[in-house]
Amino acid sequence: MADQHQGKPRKLRTSVKGPLMFSAFWAVVAFFAVVIFASGGSARAPRFDLAFTAAGIAFIVTLVIAAMLSMSHKENAEHLGKGSGVNLSSAKNTSHGFGGTGTSGSPEQQDHDGGTEGSAGR
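Residues numbered from 1 in each chain as written. Predicted model: local features only at pLDDT ≥ 70, side-chain atom pairs only at ≥ 80, totals over all residues. Heavy atoms only, no water.

A separate point is the UniProt feature "transmembrane region" (unreviewed entry) in the protein. Cross-referencing UniProt, the feature "transmembrane region" (unreviewed entry) maps to residues 20–38 and 50–69 in the present numbering. Along residues 20–38, the helical share is 100% and the strand share 0%, with 26 Å between the first and last C-alpha atoms. (UniProt positions renumbered as here; feature names shortened; annotations may be inferred. Helix = DSSP H or I, 4+ residues; strand = E, 2+ residues; numbered from the N terminus.)

Right, let's talk about the nonpolar core for a bit. Formed by Ala27, Phe31, Val35, Ala51 and Ala55, the largest nonpolar core amounts to five residues. No other element matches helix H1 (residues 17–38), which puts three residues into this core. When residues no more than four places from it in sequence are discounted, the contact partners of Ala27 are Ala55, Ala58 and Phe59. (Core = buried A, V, L, I, M, F, W, Y, C linked by side-chain atoms within 4.5 Å. Buried < 20%, exposed > 50% of the residue type's maximum accessible area, 1.4 Å probe, protein only. Contact = heavy atoms within 4.5 Å.)

Compared with the 32 Å implied by 1.5 Å per residue over 22 residues, the 31 Å span of H1 between its first and last C-alpha is a close match. Every buried residue of H1 is listed here: Gly18, Pro19, Ser23, Ala27, Ala30, Phe31 and Val35. The elements touched by buried residues of H1 are helix H2 (48–72). Gly40 lies just past H1 and shows a positive phi near 85°. (Expected span 1.5 Å × (residues − 1).)

On the secondary structure map, Thr62 appears in helix H2. On the accessibility criterion, Thr62 (15% relative accessible area) is buried. Engagement of the side chain of Thr62 in a polar contact is seen with the backbone oxygen of Ala58, the distance being 2.7 Å. Discounting residues that sit within four places of it in the chain, Thr62 has contacts with Phe22, Ser23 and Trp26. (Polar contact = N/O pair within 3.5 Å; in protein donor to acceptor, adjacent residues only side chain to side chain.)

On the surface, a cluster of nonpolar side chains totalling about 380 Å² of accessible area is made up of Phe22, Phe25, Trp26 and Val29. As for its position among the elements, Val29 is in helix H1. (Patch = residues over 30% accessible without salt bridge, like charges linked within 9 Å, V, L, I, M, F, W, Y side chains within 5 Å. Areas by Shrake-Rupley, 256 points an atom, 1.4 Å probe, with all protein chains shown as cover. Salt bridge = Lys/Arg side-chain N within 4 Å of Asp/Glu carboxyl O.)

Structure (structure tokens):
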């Protein structure tokens, strides 16, 4: 609700048009599918009663699902897209953001990470 401004049109996510169009589309698909398949062939009369029932059910179910999904949508916090994370840069950080002092804990880790110990023999 904070995204809304007086006199400006709403975004598609916060407007009512999106979920209504989505639900209406699936209601029409359900209507035609039931009219075609529920009659049992061209020799029998089409079953419009079942088709309208299926269309109503499809409309209501998809509208409720779309409304629940749009209500549960939440934007990410601004601080999550900033800073240096583990996978955001290829530069070597010695502390890796875990509060280290800048040196690795053991010579084996320094050797594996490309440190100076033991790398002359390779």
